[in-house]
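These are the residues of each chain, in order.
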Amino acid sequence: MQCHYCDRDAAYAAEKDGLKVGLCERHFRTQVESLADSEELAAIREQIDIDRTE
């Protein structure tokens, strides 16, 4: 499988509803960094109180 964004071999793949998408290492890291900076992830962190210690 090839990366969705370039011609490199996919290092990671995800599948949902029969659609499978692959990402090379570089594009996977780019997507993870983008997610880490997203408002959606910040909202999830706030909901589950991820910084809490027990």
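Basis of the calculations
Residues numbered from 1 in each chain as written. Predicted model: local features only at pLDDT ≥ 70, side-chain atom pairs only at ≥ 80, totals over all residues. Heavy atoms only, no water. Helix = DSSP H or I, 4+ residues; strand = E, 2+ residues; numbered from the N terminus. Rg over C-alpha atoms; globule rule 2.2 N^0.38 Å. Buried < 20%, exposed > 50% of the residue type's maximum accessible area, 1.4 Å probe, protein only. Areas by Shrake-Rupley, 256 points an atom, 1.4 Å probe, with all protein chains shown as cover. Lys, Arg positive; Asp, Glu negative; His and termini not counted. Charge placed at Lys NZ, Arg CZ, Asp CG, Glu CD. Phe/Tyr/Trp six-rings, centres within 6.5 Å; stacked < 30°, edge-to-face > 60°. Pairing = 2+ DSSP bridges.

**Things to note about the overall build of the chain**
Here is step 1: Helix and strand counts for the chain stand at 2 helices and 2 strands.
Here is step 2: Mapped from its N terminus to its C terminus, the chain presents α and β elements in the order β-β-α-α.
Here is step 3: Taking 54 residues into account, the globule formula puts the C-alpha radius of gyration at 10 Å, and the chain, at 15 Å, lies well above it.
Here is step 4: Viewed in the frame of its principal axes, the chain has a C-alpha envelope of about 45 × 25 × 20 Å.
Here is step 5: Within the chain, the fraction of its 54 residues that count as buried is 11%.
Here is step 6: Total accessible area on the chain is roughly 4,900 Å²; 47% of this is exposed by carbon and sulfur atoms.
Here is step 7: Within the chain, the 13 negative side-chain charges are centred at a point lying 5 Å from the centre of the 7 positive side-chain charges.

**Points about unusual backbone geometry**
The phi angle of most residues is negative, glycine excepted, and most peptide bonds adopt the trans form.
Here is step 1: Of note, the phi angle at D17 is positive, near 55 degrees, even though the residue is not glycine.
Here is step 2: With respect to the helices and strands, the residue D17 is situated in the loop between β1 (12-16) and β2 (19-23).
Here is step 3: We classify D17 as exposed; its relative accessible area is 74%.

**Some remarks on the packing of aromatic side chains**
Here is step 1: Enumeration over the complete set of coordinates arrives at 1 aromatic pair.
Here is step 2: Between Y12 and F28 the ring centres are 3.9 Å apart and the planes differ by 20 degrees, which places this aromatic pair in the stacked class. One end of the pair, Y12, is in strand β1; the other, F28, is in helix α1 (residues 25-36), with 16 residues separating them in the sequence.
Here is step 3: The exposure class assigned to F28 is partly exposed, which follows from its relative accessible area of 29%.

**Points about the pairing of β1**
The side chains of a regular strand alternate between the sheet's two faces.
Here is step 1: With 5 bridges connecting them, β1 and β2 associate as antiparallel partners. Pairing of K16 across the sheet is with L19, part of β2.

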